[in-house]
Structures are given as C-alpha cells and as structure tokens.
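# Secondary and tertiary structure notes
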Amino acid sequence: MDAIGLWMFFGAFILIFSGFPVAFALAGTAIIFGLIGLGTGHFDALLLRAMPDRIFGTMSNFTLLAIPYFVFMGGILGKSGLAEDLLRTAGLLFGRLRGGIAVAVVLVGLLLAATTGVVAATVVTMGLISLPIMLRYGYDKGLASGVIAASGTLGQVIPPSVVLVVLGSELGVSVGDLFLGSLVPGLMLAALYIVYVIVRSALSPTLAPAMPAAELNIKPSAMALQVLRAMIPPLLLIFAVLGSIFFGLATATEAGSVGALGAVLLALANRKLTRAGLWEVTLSTARLTTFVIFILIGSTSFSLVFRALDGDLYMQNILANLPGGVLGFLILTNLAIFILGFFLDFFEIAFILLPIFAPVARDLGVDMIWYGILLGVNLQTSFLTPPFGFSLFYLRGIAGKYLATSDIYRGVVPFIFIQLFVLVLCVAFPGLTGLRAAGP
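The structure presented is a predicted model; accordingly, all values stated were derived computationally and were not measured. (Residues numbered from 1 in each chain as written. Predicted model: local features only at pLDDT ≥ 70, side-chain atom pairs only at ≥ 80, totals over all residues. Heavy atoms only, no water.)

## Describing the packing of helix α13 (residues 275-308) against helix α16 (residues 346-363)
Think of two packed helices as two axes; the pair is described by the angle between the axes and how far apart they sit. Selection rule: Here an angle of 0 to 180 degrees is reported between the N-to-C directions of two axes, which are lines fitted to C-alpha atoms, with helices fitted over the stretch in contact. By definition, any uninterrupted DSSP run of H or I lasting at least four residues is a helix, any uninterrupted run of E lasting at least two residues is a strand, and each is numbered from the N terminus. Every angle not falling under 35 degrees, over 145, or within 65 to 115 is termed oblique; those three ranges are roughly parallel, roughly antiparallel and roughly perpendicular. Note on convention: near helix rotated counterclockwise from far helix by under a right angle means a left-handed crossing. Clockwise means right-handed. Between two residues, a contact is recorded if the distance between any of their heavy atoms is within 4.5 Å.
Contact geometry for α13 and α16: axes closest at 10 Å, N-to-C directions at 25°. Considered as vectors, α13 and α16 are oriented roughly parallel to each other. Of the two elements, α13 crosses α16, and the hand of that crossing is right-handed. Along the contact surface, α13 presents Leu288, Phe291, Val292, Ile295, Leu296, Ser299, Phe306 and Arg307, while α16 presents Phe347, Glu348, Phe351, Pro355 and Ile356.

Below, the structure is given as structure tokens:
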C-alpha cells in the first residue's frame with residue numbers, strides 16, 4: 001500500500017513535467033490511482049463522498065479571498081502612474097552616484113512591493129521605464145536586467161504578498177504574523193541588493209556610470225516637492241493596508257479590500273483609471289484567481305486519494321527520520337523547493353508539497369510562522385531561476401530589442417545567491433524574522 005502512494009507522488013510529477021496543466025495532472029493522477037486502489041482493495045470508494053465537502057471548504061476559505069484583492073490592487077496601481085513617478089524621482093535623487101539608477105530601481109521595487117505585491121506589474125513597469133535609461137547611460141546589460149528582475153520579486157516576501165497568503169492558508173497560521181515576520185528578511189534582501197550594486201559599481205566604474213550632471217540640474221525646493229508628490233500616495237496606501245493588519249484593526253483579507261479601494265481612488269486622483277483599464281485588470285484578476293482555485297481543487301483530489309493510500313504517512317516517515325533531525329528536514333525541504341522552482345510556479349509547489357511537509361514540521365516542533373517565512377524567501381527564488389522564472393519571462397517579453405536571453409540569465413545569478421544567503425541567515429538566526437526564537 002505504501003508503494004502505491006509513493007508511485008502516485010512520482011506519477012503526478014511525471015504528468016506535470018510532460019506538459020499537462022498542473023490542476024488536471026493532479027486530478028488525473030488522483031483518478032488513475034484511485035481506480036488502481038479500488039482494484040487492489042487499498043481504496044474505499046466511500047471516501048469519495050468527502051470530496052464535495054473538501055472542495056467547498058476550499059471555495060469558502062476566507063484567507064484565500066485576499067488573493068484577488070491584492071492582485072486587483074496591484075493591477076490598478078500599475079495603471080495609476082505610481083511607478084513612473086517613483087522611478088523618475090528616485091533617478092534624480094541617486095543619479096549622481098555610480099550605479100545610482102540601479103539603486104533607485106531597488107528602492108522603487110521595495111516601495112512597489114509594499115503596495116502591489118504583483119511581480120508582473122512591477123517588472124514590466126520598471127523594465128519599460130528604467131531599462132532604456134540605464135542602457136543609454138552605459139550600464140552593463142546583465143546588471144541592468146538582473147536588478148530589474150530581482151527588485152520586481154521583492155513583493156513575494158515583503159507584505160502584502162500573495163505568496164505569504166497562500167503559505168498562511170496551507171500552513172494553517174496567521175497571515176498577519178507571516179507579514180510581520182517577513183519584514184526584516186525582505187528589507188535585508190533590498191539592502192543587500194543595494195550593497196551589491198554599489199560594490200560592483202565601485203570595483204568596475206564603467207559597469208554602471210553616474211548620470212551626467214547636466215540632466216540632474218533641479219532646484220532643491222522643486223526636488224523636495226517632487227519627492228513629496230511621489231512618496232505620499234504609496235506611503236498612505238502602505239499604512240492603510242499594513243497598518244490595519246499590524247495594529248489588529250483588520251485581517252489580511254479585510255486589509256486587501258481596503259487596499260483595492262485605495263488603489264482605485266489613487267488611480268482616479270491621477271486621472272489614469274479608464275473603463276478599458278478597469279476591465280483589463282478585472283479580467284486578469286479573475287484569470288489568476290480561477291487558476292489558483294483549479295489548482296486547489298486538483299490538489300484536494302490528489303491529497304484525498306494520496307492519504308487514503310497512506311502515501312502521506314510513508315513520505316512523512318521518511319522526512320521525519322532524516323539524518324540531522326530538524327536541520328536535515330529543513331535542508332531537504334528547502335532544497336526540494338529550490339530545485340522545483342526552476343520548473344514550477346510557486347502556487348504549484350505550495351499546493352503539492354506543503355500538505356506533505358507541514359505535518360512533519362509540526363511533529364518536529366518547528367515554529368510554523370518561522371517555517372513559512374523560510375519557504376517564502378525560498379519561493380521568491382523561483383521567479384528568478386531559469387528556465388521558467390516568471391520575472392525572466394516578463395522582462396524578456398518587454399526588452400527583446402535591448403537584451404538577449406543570456407544577458408538576463410547572467411544578470412540574475414548574483415541576486416539568486418543573495419536570496420539564498422538571506423535564506424541561510426534566517427535558518428541560522430531565527431530572530432531575524434522579528435518573532436519569537438524558533439527552529440533547530
């Protein structure tokens with residue numbers, strides 16, 4: 001019986017890597033191995049009665065309702081002109097430094113991460129605006145593409161983050177606690193990106209030259225006014241969303257609705273909200289939400305049959321008895337997630353692996369908030385790792401006339417190592433999450 005469950009696990013990955021959509025690969029595997037289990041007497045058909053309740057339980061999950069809110073908020077902010085204003089202002093502030101435009105991109109990526117949390121909108125917007133400018137001033141193509149792709153992924157670990165919402169739901173922990181605990185690792189990532197840019201620029205002055213002084217001729221009073229105009233709207237939105245969560249005034253889902261409304265009002269104030277734009281954002285939000293729900297239905301079907309065949313007990317027994325105890329478990333699970341990130345989306349990784357990993361982590365006494373933050377930092381790398389990193393696709397799609405694929409791959413490698421370095425720090429020093437000490 002254990003062997004059937006184990007083969008089911010590998011069968012799902014064979015279907016996924018053969019090109020089938022993940023939701024249908026998981027559901028199809030459940031049907032195939034359910035029939036095999038019926039034929040061998042290892043699966044009771046009465047268990048199928050639980051399927052409707054499990055699916056409706058997924059559909060009524062209040063935490064997951066935050067996903068369409070945050071995606072909609074990010075889409076509307078992409079139409080509001082917020083990113084353009086921030087990039088122009090930050091470029092003027094840091095343009096006198098070597099690598100100054102790249103530093104500006106990281107800082108803008110940080111602010112957009114705390115407002116939108118949507119990788120596609122951030123990478124595309126910053127790529128369209130900052131990439132031509134950096135290349136015009138002689139920036140190395142690898143550095144320019146790497147800093148845009150990496151900064152665009154900050155929204156996956158800095159709240160409000162869709163990744164953290166999914167992790168909170170799958171791990172059964174407070175999304176607000178995950179948001180709070182991920183702040184320090186997220187800020188560390190942004191700070192290390194900036195340090196890397198500054199050091200590389202100092203060691204190789206031609207890699208990222210400063211902007212000509214003639215283009216930075218602006219009066220201090222005018223500069224201060226421009227900074228206020230660019231900074232106040234996103235800071236107000238950040239305070240409305242994150243402040244309401246951290247001060248206990250709202251759940252992540254309720255704060256998401258506040259953010260969605262705030263984004264609409266901001267777009268209206270900037271006179272950038274059109275009927276066509278609103279329809280486009282609404283449609284893209286519905287598509288992503290539907291994508292998530294179908295994967296959840298597929299993973300629910302898979303987990304029901306998998307557990308009926310005792311596959312979960314078999315896998316958990318292996319994971320719980322790894323050499324090294326908790327540390328061995330953390331190394332293996334994070335290594336598995338990192339490798340799968342080269343090929344799968346973070347939704348797919350979370351819904352397939354977390355139902356297996358989470359019970360073992362609890363049995364080993366791992367703090368689940370801390371574990372969720374580790375997984376969030378790790379899953380962020382999946383947006384940068386070739387060949388299927390989504391940030392790479394987004395950047396390649398809008399920068400084809402400027403960059404070769406090799407430039408993008410070369411540029412993101414240092415930032416992947418920075419992300420892994422922060423992951424190691426979070427494992428070694430659990431207090432970095434800002435929560436109670438946890439871990440091995």
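From this point on, the discussion continues.
## Quick look at the environment of Val124
Inclusion rule: In this scheme, a residue with accessible area under 20% of its type's maximum is buried, one over 50% is exposed, and one in between is partly exposed, where area comes from a 1.4 Å probe on protein chains only.
Position of Val124 relative to the elements: it lies in helix α7 (residues 119-136). Val124 gets classed as partly exposed once you look at its relative accessible area, which sits at 25%. Along the chain, Val124 and Gly365 lie 241 residues apart, while their C-alpha atoms are 41 Å from each other. If we ignore the near neighbours within four places in the chain, the residues touching Val124 are Tyr394 and Ile398.

## Points about the environment of Met134
For Met134, the position within the fold is in helix α7. Overall, Met134 belongs to the buried group, its relative accessible area being 0%. Counting along the chain gives 32 residues from Met134 to Ala102, while the straight-line C-alpha distance between them is 7.8 Å.

## Some thoughts on the packing of aromatic side chains
Put simply, the test is: Aromatic pairing here means that ring centres of Phe, Tyr or Trp (its six-membered ring) are within 6.5 Å. Orientation follows from the plane angle: under 30 degrees is stacked, over 60 is edge-to-face, and everything else is tilted.
Counted by the stated rule, this structure contains 9 aromatic pairs. Where Tyr193 meets Phe415, the ring centres are 5.2 Å apart and the plane angle is 80°; that geometry is what we call edge-to-face. Of this pair, Tyr193 sits in helix α10 (residues 175-203) while Phe415 sits in helix α19 (residues 405-428), placing them 222 residues apart in sequence. Neither residue differs from the other here; Tyr193 and Phe415 are each classed as buried. Summarising the aromatic geometry, the rings of Phe302 and Phe306 are spaced 5.4 Å apart at their centres and angled 15° between planes, so their arrangement reads as stacked.

## Points about the confidence of the model for the protein
This is how it is decided: Every residue is assigned a pLDDT by the predictor, reflecting its confidence on a scale from 0 to 100.
The predicted model of the protein averages 82 in pLDDT, with 95% of residues at 70 or higher. Counting interchain partners and residues more than four positions distant, the pLDDT-below-50 stretch residues 436-440 has 9 contacts.

## Concerning the environment of Met211
By secondary structure assignment, the location of Met211 is in the loop between α10 and α11 (220-246). The buried category is assigned to Met211, whose relative accessible area is 14%. In this structure the C-alpha to C-alpha distance between Met211 and Phe94, which are 117 residues apart in sequence, comes to 8.9 Å.

## Things to note about the pattern of salt bridges
The cut-off we apply is this: A side-chain nitrogen of Lys or Arg and a carboxyl oxygen of Asp or Glu constitute a salt bridge if their distance falls within 4 Å.
Overall, the coordinates contain 2 salt bridges when judged by the stated rule. For the salt bridge of Arg410 with Asp140, the shortest nitrogen-to-oxygen distance reads 3.3 Å. Of the two residues, Arg410 is situated in helix α19 and Asp140 in the loop between α7 and α8 (141-152); the sequence distance between them amounts to 270 residues. Residues Arg410 and Asp407 are paired through a salt bridge, measuring 3.3 Å at the closest nitrogen-oxygen approach. One end of the pair, Arg410, and the other, Asp407, are both in helix α19, 3 residues apart, so they sit about a helical turn from each other.

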